[in-house]
Amino acid sequence: MDFTNLKPGCPWPAELKRAAAHSAVFVAVLSVNYTFRPWCMVELDLALHGDGRGPTAPVIIPVFYDSPDIIVKWEKIQEHWQANMPAEWQGQVDPRRWANNVVAMKEKYQNLRRRTEGA
């Protein structure tokens, strides 16, 4: 929560994008619903790939509310966003990349889990 820079009446979309792209830590709480909410997918994409205005390398912590195996249906995510992309984002985002981002979170989660179980 940003109590310092997020002032009442500020342009929320721009501030959310800036925060996601330039955060030191990004916690993604993934669920089935998460993958079908455009702002969640935009924030995850910005955390993973930045906004093109500078180097970003946040620590990304994936937390799965639902089982990763239930959430990560790559084709389903891609098909949903090809059919339901908000008009203001059409041509600006790639549904395949959003689906790949969710797969990357599953892989990161599995790698973290293997390391902690092996420790």
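Residues numbered from 1 in each chain as written. Predicted model: local features only at pLDDT ≥ 70, side-chain atom pairs only at ≥ 80, totals over all residues. Heavy atoms only, no water.

Another point: the overall build of the chain. Scanning the chain for helices and strands turns up 5 helices and 2 strands. Helices (α) and strands (β) of the chain occur, in sequence order from the N terminus, as α-β-α-β-α-α-α. Within the chain, buried positions represent 32% of all 119 residues. Excluding contacts between residues fewer than 6 apart, the proportion of contacts in the chain whose partners are at least 24 apart in sequence is 71%. A total of about 7600 Å² of accessible surface is found on the chain, and carbon and sulfur atoms cover 54% of it. (Helix = DSSP H or I, 4+ residues; strand = E, 2+ residues; numbered from the N terminus. Buried < 20%, exposed > 50% of the residue type's maximum accessible area, 1.4 Å probe, protein only. Contact = heavy atoms within 4.5 Å. Areas by Shrake-Rupley, 256 points an atom, 1.4 Å probe, with all protein chains shown as cover.)

Once that is clear, we can look at helix α2 (residues 38–49). Here α2 contains 12 residues, and its C-alpha end-to-end distance of 16 Å stays within 8% of the 16 Å for a straight helix at 1.5 Å per residue. Regarding α2, the residues found buried are Cys40, Met41, Val42, Leu44, Asp45, Leu46 and Ala47. Gly50 sits one or two positions beyond α2 and adopts a positive phi of about 70°. (Expected span 1.5 Å × (residues − 1).)

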